[in-house]
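Descriptive structure summary
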Amino acid sequence: MLTGCHLIAGDWVMGEATFASAPASGEAHHFSVGTPAHVDAACKAAEEAFWSFSALGRDTRARFLERIADEIEARGPAITEVGHQETGLPTARLEGERGRTTGQLRLFAAHIRKGDYLDRRHDAALPDRQPLPRPELTLVQRPIGPVAVFGASNFPLAFSVAGGDTASALAAGCPVVVKGHSAHPGTGELVAQAIHAAIQAEGLHPGVFSLIQGGRRDVGEALVKHPLIRAVGFTGSLAGGRALFDLCAARPDPIPFFGELGSVNPMFLLPAALAARGEAIAKGWAGSLTMGAGQFCTNPGIAILIDGPEAEAFVAAAHAAVGAVGPQTMLTDGIASAYRDGQRRIAAGHGVREVLATSCDLRTATPYLYEVPAADWLADHALAEEVFGPLGLIVRARDAAEVERIAHSLQGQLTCTLHMDAADTAAARRLLPILERKAGRVLANGFPTGVEVADAMVHGGPYPASTNFGHTSVGTMSIRRWLRPVCYQNMPADLIADAS
């Protein structure tokens, strides 16, 4: 079932060194360690494939995406089994994520068939215009070239080998080179097998897709610095993403780096909503905060409210709801260790009070809950940094003015949430202009965990939530990352790809 190899230009390739997976359960498997030489071979094959792949009709590329979805589904039980062993994620979660993965492949197939993403524009020639005639102008979006994608640790399917970055890049007409995440290499290989089968079935150039497993930092650096790579998609940590972003910017020919780096996703609980349904909000927050051991980039880690009796009741309700959640297995030992480090950082903050204390070790996570006066939170930037796991921090403000100061102080976020009733409209109207400058998605009376794959979705935001605030990594608009506009002047229409 598993070869432990890289997939490079249609060949399953071994390297000199191997690494062992670290599954949450079951036996470990050995996988080849990627090297810069593997990167070079994959990138050269991707460039060679670009000329034929980018010239394909939209319907042919759409069939290819649908074939990938079919091949993934055909391997569904094996993907779930290996994914559960490697990550510890429940089978229901993995099956749902697999459905999301195949769903977004089919969504992009439908999207490119419609052709709206091409943003076609046409200005007819005006040969008699004075004082100068106007030429005929046609604008069409065209694919940029080979794209590098880094698999995410927390989504072994939907944000990894055949995830949204890969699906949207292939839809755009760009070959893809994926650096698989070492947290789930077996899952990655099975998905790569599905893509390989789809390439063969559709008779495409094998360089359209390659997967390089494992590898140290030099593999990631070689990938983003390779002169044939034209853009990078990344989902991961702020430190890792920033390092790769800087490498992309420092190239002799800088390329765009589309990094989704996470956030604390603050919730603002406005007074009327807090008074009317604080307990229900607390229960909903507990479910969102602890879902999947809090290993979501949209995990709502901070709740902001005005101090008073309603705040006391909310804290008590949150304590009860979060305290009812048992230990959960985290994706990797490294993530579990980082979660414990983050918990200690929050607990050591000035003015921070422990609401719910638990203990966790090895690869398990238990939830923690803290509270802090707004003045102390505003004075300590470390309290506003993400803790990747089921840890919640309640920030208690003195009044509405202090709530607005908190909103102004926020760094870029993936999401911000307003819990509000009709009586809170005036306060929400003051906050919304602030929050829409801070986040890519602003919610009312909901919880941000869970990102709908749809036309209107924005999964991104100002830095450090993402490195490019004008784009999204989820939804059909994400295809724009891999396209650039080309204007054709007085060009015969039958020479212009996708002009009709």
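Presented here is a report on the structure given in the accompanying data block. (Residues numbered from 1 in each chain as written. Predicted model: local features only at pLDDT ≥ 70, side-chain atom pairs only at ≥ 80, totals over all residues. Heavy atoms only, no water.)

1. Remarks on the layout of surface pockets
Over the atoms, a rolling probe the size of a water molecule traces out where space has been left empty. By volume, the largest pocket is sized at about 1,400 Å³. Taken together, 48 residues line the largest pocket, and the ones lying closest to its centre are Phe234, Gly236, Ser237, Leu238 and Gly240. At the level of secondary structure, the elements contributing two or more residues to the lining of the largest pocket comprise helix H7 (217-225), strand S10 (231-235), helix H8 (238-250) and helix H11 (333-347). Residues of the lining of the largest pocket, tallied by class, amount to 19 nonpolar, 21 polar and 8 charged. Counted as a void, the second largest pocket has a volume near 360 Å³. In terms of lining residues, the second largest pocket is bounded by 22 residues, among which Arg93, Phe155, Met291, Gly292 and Phe296 are the most central. Among the elements of the structure, helix H4 (91-114) and strand S14 (328-329) are those that each provide at least two residues to the lining of the second largest pocket. Among the elements that line the lining of the second largest pocket, the one with the most residues is H4, at 3 residues. Within the lining of the second largest pocket, the residues separate by chemical class into 9 nonpolar, 10 polar and 3 charged. (1 Å grid on protein atoms, 1.4 Å probe; cavity = no way out; pocket = protein on both sides within 12 Å on 5 of 7 lines; lining within 4 Å. Points joined across faces, edges and corners; volume = space filled by probe spheres on them. Helix = DSSP H or I, 4+ residues; strand = E, 2+ residues; numbered from the N terminus. Nonpolar A, V, L, I, M, F, W, Y, C, P; charged D, E, K, R; others polar.)

2. Let's talk about the pattern of salt bridges
Inspection of the entire model under this criterion finds 27 salt bridges. One salt bridge connects Arg230 with Asp253, and the closest N-O pair in it is separated by 3.0 Å. One end of the pair, Arg230, is in the loop between H7 and S10; the other, Asp253, is in the loop between H8 and strand S11 (257-260), with 23 residues separating them in the sequence. With relative accessibility at 26%, the residue Arg230 sits in the partly exposed group. Relative accessible area serves as the criterion here: at 30%, Asp253 is assigned to the partly exposed category. A single salt-bridge network, built from bridges that share partners, covers Asp59, Arg63, Glu66, Arg67, Arg113 and Glu202. (Salt bridge = Lys/Arg side-chain N within 4 Å of Asp/Glu carboxyl O. Buried < 20%, exposed > 50% of the residue type's maximum accessible area, 1.4 Å probe, protein only.)

3. Looking at empty space enclosed by the protein
This structure, assessed with the given rule, holds 2 cavities of 30 Å³ or more. There is about 110 Å³ of room inside the largest cavity. Around the largest cavity sit Ser263, Val264, Asn299, Gly301, Ile302, Ile346, Leu383, Glu385, Glu386, Val387, Leu391 and Leu393, which together line it. Of the residues that constitute the lining of the largest cavity, the class distribution is 7 nonpolar, 3 polar and 2 charged. When its volume is computed, the second largest cavity comes out at roughly 80 Å³. Phe258, Gly259, Glu260, His459, Gly460, Ser466, Thr467, Asn468, His471, Thr472, Ser473 and Arg481 are the residues that line the second largest cavity. Residues belonging to the lining of the second largest cavity are distributed by class as follows: 1 nonpolar, 9 polar and 2 charged.

4. Structural notes on helix H6 (residues 185-202)
Here H6 contains 18 residues, and its C-alpha end-to-end distance of 26 Å stays within 8% of the 26 Å for a straight helix at 1.5 Å per residue. In terms of burial, H6 is largely enclosed, as 16 of its 18 residues are buried. Directly after H6, the chain includes Gly203, whose backbone phi takes a positive value near 65°. (Expected span 1.5 Å × (residues − 1).)

5. Points about the packing of aromatic side chains
Taken as a whole and assessed by the stated rule, the structure comprises 12 aromatic pairs. With a centroid separation of 6.4 Å and an interplanar angle of 5°, the aromatic rings of Tyr368 and Tyr370 are classed as stacked. Each of the two residues, Tyr368 as well as Tyr370, counts as buried. What links up through ring pairs into an aromatic cluster is the set Phe150, Phe234, Phe245 and Phe257. (Phe/Tyr/Trp six-rings, centres within 6.5 Å; stacked < 30°, edge-to-face > 60°.)

6. Focus: the packing of H7 against H8
Taken N-terminus to C-terminus, the directions of H7 and H8 make an angle of 35°; their axes are 9 Å apart at the nearest point. Crossing geometry of H7 relative to H8 is assigned as right-handed. Side by side, H7 and H8 meet where Gly220, Glu221, Val224 and Lys225 of the first sit next to Leu244, Leu247 and Cys248 of the second. Grouping the amino acids of the contact of H7 with H8 by side-chain chemistry returns 4 nonpolar, 1 polar and 2 charged. (Axes fitted to C-alpha atoms, helices over the stretch in contact; angles between N-to-C directions. Left-handed = near helix turned anticlockwise from the far one by under 90°. Contact = heavy atoms within 4.5 Å.)

7. Observations concerning the sheet that holds strand S5 (residues 121-123)
Within the open sheet, the 3 strands sit side by side as S5-S6-S21. Their pairing is antiparallel. Two strands bound the open sheet, and with one partner strand each, they are S5 and strand S21 (483-489). Across the sheet, the axes of successive neighbouring strands diverge by a mean angle of 25°, strand direction being ignored. In this sheet, strand S6 (residues 137-143) lies alongside S5 in antiparallel orientation, the contact comprising 3 bridges. Considered in S6, the bridge of Asp123 is made with Leu137. (Pairing = 2+ DSSP bridges.)

8. Regarding the sheet that holds strand S15 (residues 353-356)
Read across the open sheet, the 7 strands follow the order S15-S17-S18-S13-S12-S19-S20; overall the sheet is mixed. Looking at which strands have only one partner, the edges of the open sheet turn out to be S15 and strand S20 (439-444). Each strand of the sheet is rotated relative to its neighbour by a mean of 20°, with strand direction disregarded. Note that S15 and strand S17 (residues 368-373) share 3 bridges and pair antiparallel. In the strand pairing of S17, Arg353 is matched with Glu371. Here helix H14 (residues 425-438) sits on the sheet in contact with strand S12 (267-269), strand S19 (413-419) and S20, set at roughly 150° to S20.

Taken by themselves, the reported measurements are silent on function.
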